[in-house]
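# Coordinates in review
Letter by letter, the chains look like this.
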Amino acid sequence: MIRTEVIRVDPASLAKFDRPVPRYTSYPTAPQFHPIAQDLLIEKLHAFDRTEKLLSIYLHIPFCKSMCLFCGCSVVLNRQPERQERYVRHLIQEIEKTARYFSKKRAVSQLHLGGGTPTSLTEEQFEILMARLHECFDFTEEAEISIEIDPRTVFEDEGTKLTVLRRLGFNRVSFGVQDLDPAVQEAVKRRQTEEMTVITYRRARDLGFSGINIDLIYGLPLQTPASFSKTAEKLLALKPDRIAFYSYAKVPWLKPHQKAISDSDLPSTEDKFRIYTEAREKFMDGGYLAIGMDHFALEGDSIANAYREKKLTRNFQGYTVQLADDMLGFGLTSIGFLESSFFQNVKALEDYQAKIGNGEMPVSRGFSLSEEDIRRRFVIQTLMCHFELDKFEFFRCFGLDFDVHFSQEKERLKLLKREGLIEETQEKILPTPLGRLFIRIVASVFDAYLGTGQFSRAV
Ligand SMILES: C[S@@+](CC[C@H](N)C(=O)[O-])C[C@H]1O[C@@H](n2cnc3c(N)ncnc32)[C@H](O)[C@@H]1O
Ligand code: SF4
């Protein structure tokens, strides 16, 4: 079981480790993907029925009515209902076409709708989409069916859409909140009153959703330690099961709209660290277990239990407890993983629809892992999820002596030891409490592609 002592962290340590480093929702990371043809995906789909391993499904709904200036997600700005209707038709065609390659032998243990804003879909669109998914796949009884919700899109209807989602089998929800301070909201053009957040949250509770998560971001314009402390206290009073507390990922080379946020409005590095450390303390004092740097789970929540029992897993949506070996991704920009290969769909809406219209798979990029990639993926995943690495387990899985195989990494591991991020024994690599906080830096030692992509910073 993981040692779960409270990890306090001072701003000086944060400053020291504030380096650009991947989040390792995948290994290799998406910048390593290269153009691929649909044949590779079709080949994998033909082989799909050879196992009965569980399956995850991700659906991307890219639409948002307005753009939050900080946003780093794959978004299509849209106010035309017919554009969305057309997308849903194509999405269903993609699901049906894919499902024709296999039987229902492999059950779905996890379905996640992400965005953009999945709740921009109408109730009828949800009904049709879920009906088609159930026709194409069998779900396990305890399947986790989750959705990202922008409270602004489900507030006005007095709970109708939330009720429909619950009836359709959704059991987990994640609310985008970011910050409750109206001045911060104005500076990022995301106007979402406290009332909208609180009432939507309460409705979700009353409807019996569990694993309720709230997304927050630190490092946004006009945030101060004092202002954010109020946001943290108000949200803690709601007792969400989970809190995702992200560092503002500033990636203007990918998301030019972020340039509309003036640098002079951003908190200083010192203040950004204080916002993080002070809120972190508040969450932990409020009964939350810190999982790595940016995830917090209330004691008793399934993520907290899985963390303690070393059963956590990780995919593109972050930490999860429902282990599935393969993932099918549907919709614009979505990423799937089948038998050691990643597949990413095209990024432009018109391309996506044109390909489906032509009877093609809308896949455009991907990556087939080599034996060595698979070994490194195992090490990185294990560190990111279990916060320790058993060298004998590596030997058992791959028949290779860990220290010999990673002899080139020895110097960098020594540096991590000197920096106080890990302890190393003959059997294990053990991140220290500080190293668990900066687990991405520890994991990056085993990333053979590090240095060939641009990433946001660790803090
Ligand atoms: C797809 S959105 C969630 C659903 C919905 N669109 C909303 O905003 O409420 C996913 C989450 O990503 C996070 N996010 C988006 N852009 C980010 C950025 N640049 N840095 C850090 N987190 C970001 C936000 O916390 C957001 O809630
Ligand atoms: S944060 Fe959510 S609502 Fe805002 S633009 Fe991004 S995806 Fe859309």
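Since the structure is predicted, the reported quantities are computational estimates derived from the model, not experimental observations. (Residues numbered from 1 in each chain as written. Chains lettered and ligands numbered in written order. Predicted model: local features only at pLDDT ≥ 70, side-chain atom pairs only at ≥ 80, totals over all residues. Heavy atoms only, no water.)

## Comments concerning the overall build of the chain
When helices and strands are counted, the chain shows 17 helices and 20 strands. Taking the principal axes of its C-alpha atoms as reference, the chain extends roughly 60 × 55 × 40 Å. When each of the 459 residues of the chain is scored for burial, the buried share is 56%. Nonlocal contacts in the chain, meaning residues at least 24 apart in sequence, comprise 75% of its contacts between residues at least 6 apart. Carbon and sulfur atoms make up 51% of the accessible area of the chain, which amounts to about 19,300 Å² in all. Here the chain contributes 62 positively and 65 negatively charged side chains, and the mean placements of these two sets differ by 2 Å. (Helix = DSSP H or I, 4+ residues; strand = E, 2+ residues; numbered from the N terminus. Buried < 20%, exposed > 50% of the residue type's maximum accessible area, 1.4 Å probe, protein only. Contact = heavy atoms within 4.5 Å. Areas by Shrake-Rupley, 256 points an atom, 1.4 Å probe, with all protein chains shown as cover. Lys, Arg positive; Asp, Glu negative; His and termini not counted. Charge placed at Lys NZ, Arg CZ, Asp CG, Glu CD.)

## Some details on the site of ligand 2
The full set of residues close to ligand 2 is Cys64, Ser66, Met67, Cys68, Phe70, Cys71, Val75, Gly116, Thr117, Asp150, Arg152 and Arg190. Considering only residue class, the shell around ligand 2 consists of 6 nonpolar, 3 polar and 3 charged. (Near = heavy atom within 4 Å. Nonpolar A, V, L, I, M, F, W, Y, C, P; charged D, E, K, R; others polar.)

## What to know about the domain arrangement of the chain
Per the domain assignment, the segments making up the chain are domain 1 (27-327) and domain 2 (371-447). If you look at the interface, domain 1 gives 14 residues, while domain 2 gives 16 residues. For the pairing of domain 1 and domain 2, the buried interface totals around 1,300 Å² over both sides, and the portion due to carbon and sulfur atoms is 60%. Counting across the interface, domain 1 meets domain 2 through 1 salt bridge. Taking the shortest distance from any N to any O, the salt bridge between Lys310 and Glu388 comes out at 2.9 Å. For the pair domain 1 and domain 2, the number of links is 4 residue pairs in polar contact (both at pLDDT 80 or more). Elements represented by at least two residues in the side of domain 1 that touches domain 2 include exactly α9 (269-285) and β12 (313-315). Counted by class, the side of domain 1 that touches domain 2 contains 8 nonpolar, 2 polar and 4 charged residues. (Domains from an automatic or database assignment. Buried area = accessible area lost by both parts, 1.4 Å probe. Salt bridge = Lys/Arg side-chain N within 4 Å of Asp/Glu carboxyl O. Polar contact = N/O pair within 3.5 Å; in protein donor to acceptor, adjacent residues only side chain to side chain.)

## So, the nonpolar core
Ranked by internal contacts, the top residues of the largest apolar core, which has 119 residues, are Phe137, Phe245, Phe283 and Phe446. Shared between two domains, this core takes at least three residues from each, and those domains are domain 1 (27-327) and domain 2 (371-447). Setting aside anything within four residues of it in sequence, one finds Phe245 in contact with Leu216, Ile217, Tyr218, Phe228, Ile275, Tyr276, Ala279, Phe283, Asp294 and Phe296. (Core = buried A, V, L, I, M, F, W, Y, C linked by side-chain atoms within 4.5 Å.)

## Here we look at the site of ligand 1
Around ligand 1 lies a shell of 20 residues, among which Phe70, Gln178, Arg190, Asp215 and Ala249 are the nearest. Between an oxygen atom of ligand 1 and a side-chain N or O atom of Gln178, the distance comes to 2.7 Å. Listed by contribution, the elements that provide at least two residues to the shell around ligand 1 are β6 (139-149), β7 (172-178), β8 (210-218) and β9 (242-247). Of the residues contributing to the shell around ligand 1, the split by class is 8 nonpolar, 8 polar and 4 charged.

## A word on the environment of Gln353
By secondary structure assignment, the location of Gln353 is in helix α11 (residues 349-357). As a C-alpha pair, Gln353 and Tyr87 span 266 residues in sequence and 7.2 Å in three-dimensional space. Residues contacting Gln353, with those up to four places away along its chain left out, are Arg86, Tyr87 and His90.

## Description of the pairing of β6
With respect to burial, β6 is a largely interior element, 8 of its 11 residues being buried. Two strands pair when backbone bridges link them, and strand β5 (residues 108-115) and β6 are joined in this way by 5 bridges, in the parallel orientation. By the bridge assignment for β6, Leu113 is matched with Ile147. (Pairing = 2+ DSSP bridges.)

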